[in-house]
Protein chains: 2
Amino acid sequence: MEKTFKNLVKTDYPYLCGSKLLLAVSGGVDSVVLAHLCHSAKLDFAIAHCNFNLRGEESDGDEKFVVDLADSLEVDVYTESFDTLKFAENHGISVQMAARDLRYEWFSELSSSVQFDYTLTAHHANDNLETFLINLIRGTGPEGLTGIKKEKNEVVRPLLPFTRSQIENFARKKNYKWREDSSNASDKYMRNKIRHQIVPVMEEINPQLLDSFSKTQDHLQESLDLVEDYMSLLYPKLVQKDKYGYSLDIDFLKKVPHQKQILYQLLKSFGFTEWDDVYDLMHAQTGKMVLSDSHRLIKDRKKLLLTEHNEKTGNKEYRLDREEDLVMIPGMGSFHMSEVDKIGQTSQSCIYVPERKLKFPLVIRKWKKGDFFYPFGMNGKKKLSDFFKDEKFSLPEKEHTWILCSDKEIVWIINHRADNRFAVDKSDSKILKICIT
Amino acid sequence: MEKTFKNLVKTDYPYLCGSKLLLAVSGGVDSVVLAHLCHSAKLDFAIAHCNFNLRGEESDGDEKFVVDLADSLEVDVYTESFDTLKFAENHGISVQMAARDLRYEWFSELSSSVQFDYTLTAHHANDNLETFLINLIRGTGPEGLTGIKKEKNEVVRPLLPFTRSQIENFARKKNYKWREDSSNASDKYMRNKIRHQIVPVMEEINPQLLDSFSKTQDHLQESLDLVEDYMSLLYPKLVQKDKYGYSLDIDFLKKVPHQKQILYQLLKSFGFTEWDDVYDLMHAQTGKMVLSDSHRLIKDRKKLLLTEHNEKTGNKEYRLDREEDLVMIPGMGSFHMSEVDKIGQTSQSCIYVPERKLKFPLVIRKWKKGDFFYPFGMNGKKKLSDFFKDEKFSLPEKEHTWILCSDKEIVWIINHRADNRFAVDKSDSKILKICIT
């Protein structure tokens, strides 16, 4: 196995030679063997051990064992102690998930503070099959069937081609010492059932199970790679970045087969769970939306708009005093106010108002239901909601619209339309120019 | 279950109402329940039963049971007796596969002779999971993980949403009678192991296993649908139909990611098994090829040529007598010979030769190694192999090239080049025009 491992590193992971590696070692047989293999392959590595404090003295014994192992191999060792139960409770997750999160977070901290290039873990072929079966039994998307990745985000798993029994036999032959894990966390319980009751029956049927399984999984991964390629091809035709997020072209979507699956692929990373609602949105009325924890998908005429949840600026108001000539407004820009002699070139981002008509401080706020104004260039008043409708504002556009008020009256739909009541007369001598940039 | 079934037919299989259906009934609980359900849903069906003669008297008992069931339901019944063991032996396949082939072939015969619109089988959710697990254990491509199709080639499986225990409970509640199958064919043996030893453990871990599994499989199928869509998009850019088969554009192939998987997708239905050789062919020398049972993939400059295996015309010769003026040659066309006064318009499909130089009967044959001729319009002789090289013939083109000989001498590389030795002199009075159409 030493020779096979060396060859494997040479062919599949040549970048490991000459890199600084961090080895995750629990003290179990898999990670102990990995440490010995890396040592005999003369790789440049240090050992990291997490003490999750889940099994009292046993946990401390594991830590001592790993520190001794590092000493005997003459490599650096880093240990960290975690209150895993508390972390799980605080975050409302399982102990198993808490341990995983804590572990990978600490590895990543260590890697950047001590400058490791890669983290190595001892996952092997049986872990991979077990994870597949866990996902299969619980129900999963296609990604859950493609298994543990051999390389991802600077984490490398060079033992994936080896089976548990190969690793254990090697350890016995070499007389290595290791620690047995007596833990029975719920995830472990499920894994044990699969390991001891399901996989052996599968191996009775096909003694080459792990080999066949690895090929099956490769084929599946290859198909999913093609799905990704297809999506990269469709993406620029289907999705446009716009001011407040992304917009999806419904007309184009309707032209391709399997629209639902394509919507799923495009939106899967945005946390949506009510997929039927997402699909129905294509045919829904403008303004309807579906929410995820982080995002909203909004039907807007021939588009689906994807935006992040509105930041909590809903009721926020900013004041503009007469003596201030520059006010910054987060998410909008900055306000400039200056006195001018006459009306200059007009644009959507500037208005001219007679000072005598303004009551300071002016207020800048989001629009609200019932707001109305007297649109410049039109007769009479108009509800803001009607104005938005006529101008075909999307929901995110409405939400990002700010208005400038003097007392209760609207002076300016900022960036869009001024109000007639605040138009400059010939008689006005003091004119203020208010601009947003 | 009766009501659920009726609703399911209404929503998922509305076309079954008003169609003539053929029900495959073994006599086991699943197909017996299906027959009762179709009867109570007032569908128009007949019953078909295969007697595979694998279990002696028990098989005959099954047949009698099914005939009686059809009588009690007042529907037509068709039975057929098969020598399954002999069929399996003759075709070198397993008994299980023989039974499946015989069954579906007979169903299809029955459907066309008695004019049934659809065949219904009683496969259910557990069959589906078991088939998935069999494929997983043996190793499979992604298609092997997407399970039993609910509709395919006029075969419909309306019990797929139901579990085995739902079906058995319903049968017991209704006091239906059915036959237990004591068979232990090898495939059955594997299925039994999965059914009794693996699935129950999976259900202990997740009691909603079959529901979750059905969703997992749907997701997977959706991904594979997208792969098909992607391939349909690439196909016209990548593949061209040509004279002897298809040609794949290597330059285009090199521009897309995951070329290997794309080659696999394009070629998977042509029986190749040595995929690494197929992939290597992209970078191989012109003339290299990979064979499947039915096809050849040939590297030819910037193309991969896919052709069927050469029909066995290799050594075939045809004779052209002086008195015949029309000879048909399969796979090439027909030969016309006529006397003319003078040389008319020349073309690649006609030559003019002086009769005095020909020794009848002329021979039409494929080219062979060592052949040489005196190309018209050139000085001296040339090996045919060199001529092909200079003209950049692909292997299929070479193989489809015929030559016309007089005695041992080549008169014409048919459709390509005449021979100098048979050029017409001014003095020649008797000129033959030989054409191929």
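About the criteria used
- The numbering scheme is per chain: residues are counted from 1 as the chain's sequence reads.
- Throughout, the order in which chains and ligands are written sets their labels, letters from A for the former and numbers from 1 for the latter.
- Note on the predicted model: pLDDT of at least 70 is required for a residue's local features to be given, and 80 or more for side-chain atom pairs to be given and counted; whole-chain, interface and lining totals, by contrast, use all residues.
- To obtain the side-chain values, all non-hydrogen atoms of the structure were used and water was disregarded.
- UniProt positions are given in the numbering used here, feature names are shortened, and annotations may be inferred rather than shown by experiment.
- The helix count covers DSSP runs of H or I at least four residues long, the strand count covers runs of E at least two residues long, and both are numbered beginning at the N terminus.
- All radius of gyration figures rest on C-alpha atoms, and the globule criterion is 2.2 Å times the number of residues raised to 0.38.
- Each residue's exposure class comes from its accessible area (1.4 Å probe, protein chains only) as a fraction of the maximum for that residue type: buried when under 20%, exposed when over 50%, partly exposed otherwise.
- By definition, residues are in contact when any of their heavy atoms lie within 4.5 Å.
- Any helix carries an expected span of 1.5 Å times its number of residues minus one.
- In what follows, a disulfide is any cysteine sulfur pair within 2.5 Å.
- The set of buried Ala, Val, Leu, Ile, Met, Phe, Trp, Tyr and Cys residues whose side-chain atoms join them within 4.5 Å is what this entry labels a nonpolar core.
- Whether two strands pair depends on DSSP finding at least two bridges between them.
- We define a salt bridge as a contact between a side-chain nitrogen of Lys or Arg and a carboxyl oxygen of Asp or Glu at a distance within 4 Å.
- As a working definition, buried area equals the accessible area (1.4 Å probe) given up by two parts on being put together, with both sides summed.
- Any N or O atom pair separated by 3.5 Å or less is treated as a polar contact, with the protein-specific requirement of one donor-capable and one acceptor-capable atom, and with residues adjacent in sequence counted only for side-chain atom pairs.
- Residues are sorted three ways: Asp, Glu, Lys and Arg are charged, Ala, Val, Leu, Ile, Met, Phe, Trp, Tyr, Cys and Pro are nonpolar, and all the rest, Gly among them, are polar.
- How far each domain reaches was decided by an automatic or database domain assignment.

- Chain A appears in an unreviewed UniProt entry as tRNA(Ile)-lysidine synthase from Christiangramia sediminis.
- If you open the UniProt record of chain A and go to Subcellular location (unreviewed entry), you find "Cytoplasm".

Some points on the overall build of chain A
Stage number 1. Counting its regular elements, chain A contains 14 helices and 22 strands.
Stage number 2. Taking 2.2 N^0.38 as the reference for a compact globule, 437 residues should give roughly 22 Å; the C-alpha atoms of chain A span a radius of gyration of 32 Å, well beyond that estimate.
Stage number 3. Sorting the 437 residues of chain A into buried and exposed places 47% on the buried side.
Stage number 4. Summarising the internal contacts of chain A: among those between residues at least 6 apart in sequence, 66% fall at separations of at least 24.

A closer look at helix α6 (residues 125–138) of chain B
All names here are of chain B.
Stage number 1. In this model, α6 (14 residues) spans 20 Å end to end at C-alpha, consistent with the 20 Å of a helix rising 1.5 Å per residue.
Stage number 2. Among the 14 residues in α6, 12 count as buried, and that is most of the element.
Stage number 3. For α6, the complete set of buried residues consists of A125, N126, D127, N128, L129, E130, T131, F132, L133, I134, L136 and I137.
Stage number 4. Backbone geometry just after α6 places G139 at a positive phi near 95°.

Description of the environment of A:S347
Residue and element names in this part refer to chain A.
Stage number 1. Its location among the elements puts S347 in the loop between β14 (333–340) and β15 (350–354).
Stage number 2. Exposure remark for S347: the relative accessible area of 40% places this residue in the partly exposed category.
Stage number 3. Sequence-wise, S347 and R417 are 70 residues apart; in three dimensions their C-alpha atoms are separated by 9.8 Å.

Digging into the state of the cysteines
Stage number 1. Applying the stated criterion to the full structure yields two disulfides over all chains.
Stage number 2. With its sulfur 2.0 Å from that of its partner, A:C350 forms a disulfide with A:C435. Taking the torsion about the sulfur-sulfur bond, which here is approximately 110°, the covalent link between A:C350 and A:C435 counts as right-handed. Of this pair, A:C350 sits in strand β15 while A:C435 is found in strand β22 (residues 431–436), placing the two residues 85 residues apart along the sequence.
Stage number 3. There is no disulfide at B:C17, and the cysteine sulfur nearest it, in B:C38, is 10 Å away.

Notes on the nonpolar core
Stage number 1. One finds A:I262, A:L267 and B:I262 to be the most contacted residues of the largest nonpolar core, which totals 55 residues.
Stage number 2. The residues contacting A:L267, other than those within four sequence positions of it, are A:F272, A:W275, A:V278, A:L297 and A:L306.
Stage number 3. Counting 37 residues, the second largest nonpolar core, distinct from the first, contains A:V199, A:L220, B:I134 and B:M202.

Points about the pairing of strand β20 (residues 409–413) of chain A
All names here are of chain A.
Stage number 1. In terms of burial, β20 is a largely internal element, four of the five residues being buried.
Stage number 2. With four bridges connecting them, strand β19 (residues 402–406) and β20 associate as antiparallel partners. Within β20, the residue paired with I403 across the bridge is I413.
Stage number 3. What sits between β19 and β20 in their antiparallel hairpin is a turn of two residues, with D407 showing a positive phi close to 55°.
Stage number 4. The sheet contact formed by β20 and strand β21 (residues 417–418) spans two bridges and is antiparallel.

Some details on the pattern of salt bridges
Residues and elements named next belong to chain A.
Stage number 1. This structure, assessed with the given rule, holds 56 salt bridges over all chains.
Stage number 2. Note that R322 is salt-bridged to E339, the shortest N-O span being 3.2 Å. Within this pair, whereas R322 is found in the loop between β12 (317–320) and β13 (326–329), its partner E339 is found in strand β14, the two being separated by 17 residues in sequence.
Stage number 3. What makes R322 partly exposed here is its relative accessible area of 26%.
Stage number 4. By relative accessible area, E339 is classed as partly exposed at 46%.

Quick notes on the interface of chain B and chain A
Stage number 1. With 41 residues of chain B at the contact, the number on the chain A side is 40 residues.
Stage number 2. For the pair chain B and chain A, the two sides together bury roughly 3,800 Å², of which 76% comes from carbon and sulfur.
Stage number 3. The largest contributions to the chain B side of the interface with chain A come from B:I137, B:I205 and B:L226, which together make up 17% of the buried area.
Stage number 4. In this structure, the connection of chain B to chain A is made through two salt bridges.
Stage number 5. A salt bridge links A:K193 to B:E204; the nearest nitrogen and oxygen atoms lie 2.6 Å apart.
Stage number 6. The interface formed by chain B and chain A includes eight residue pairs in polar contact (both at pLDDT 80 or more).
Stage number 7. Within the residue set of the side of chain B that touches chain A, elements represented by two or more residues are α6, α8 (186–205), α9 (209–238) and α11 (259–267) of chain B.
Stage number 8. Residue composition of the side of chain B that touches chain A, grouped by class: 23 nonpolar, 12 polar and six charged.

Here's the deal with unusual backbone geometry
Residues and elements named next belong to chain A.
Stage number 1. Looking along the chain, the bond that leaves F360 and enters P361 is cis, with omega of -5°.
Stage number 2. Phi is positive for Q115, which is not a glycine, with a value near 65°.
Stage number 3. Looking at the secondary structure, you find Q115 in the loop between α5 (95–113) and β4 (118–120).
Stage number 4. Of note in the backbone geometry, N175 takes a positive phi value of approximately 60° without being a glycine.
Stage number 5. The residue N175 is located in the loop between α7 (164–173) and α8 (186–205) in this model.

What about the domain arrangement of chain A?
Residues and elements named next belong to chain A.
Stage number 1. By the assigned domains, chain A splits into domain 1 (2–205), domain 2 (219–308) and domain 3 (317–436).
Stage number 2. Counting the surface lost from both domain 2 and domain 3, the interface buries some 670 Å², and carbon and sulfur atoms represent 67% of this.
Stage number 3. The largest share of the area that domain 2 buries against domain 3 comes from Y244, R296 and R301, three residues that together contribute 67% of it.
Stage number 4. Inspection of the region where domain 2 meets domain 3 yields one salt bridge.
Stage number 5. A salt bridge links R296 to E399; the nearest nitrogen and oxygen atoms lie 2.7 Å apart.
Stage number 6. Taken together, domain 2 and domain 3 are joined by three residue pairs in polar contact (both at pLDDT 80 or more).
Stage number 7. Within the residue set of the side of domain 2 that touches domain 3, elements represented by two or more residues are β10 (295–300) and β11 (303–308).

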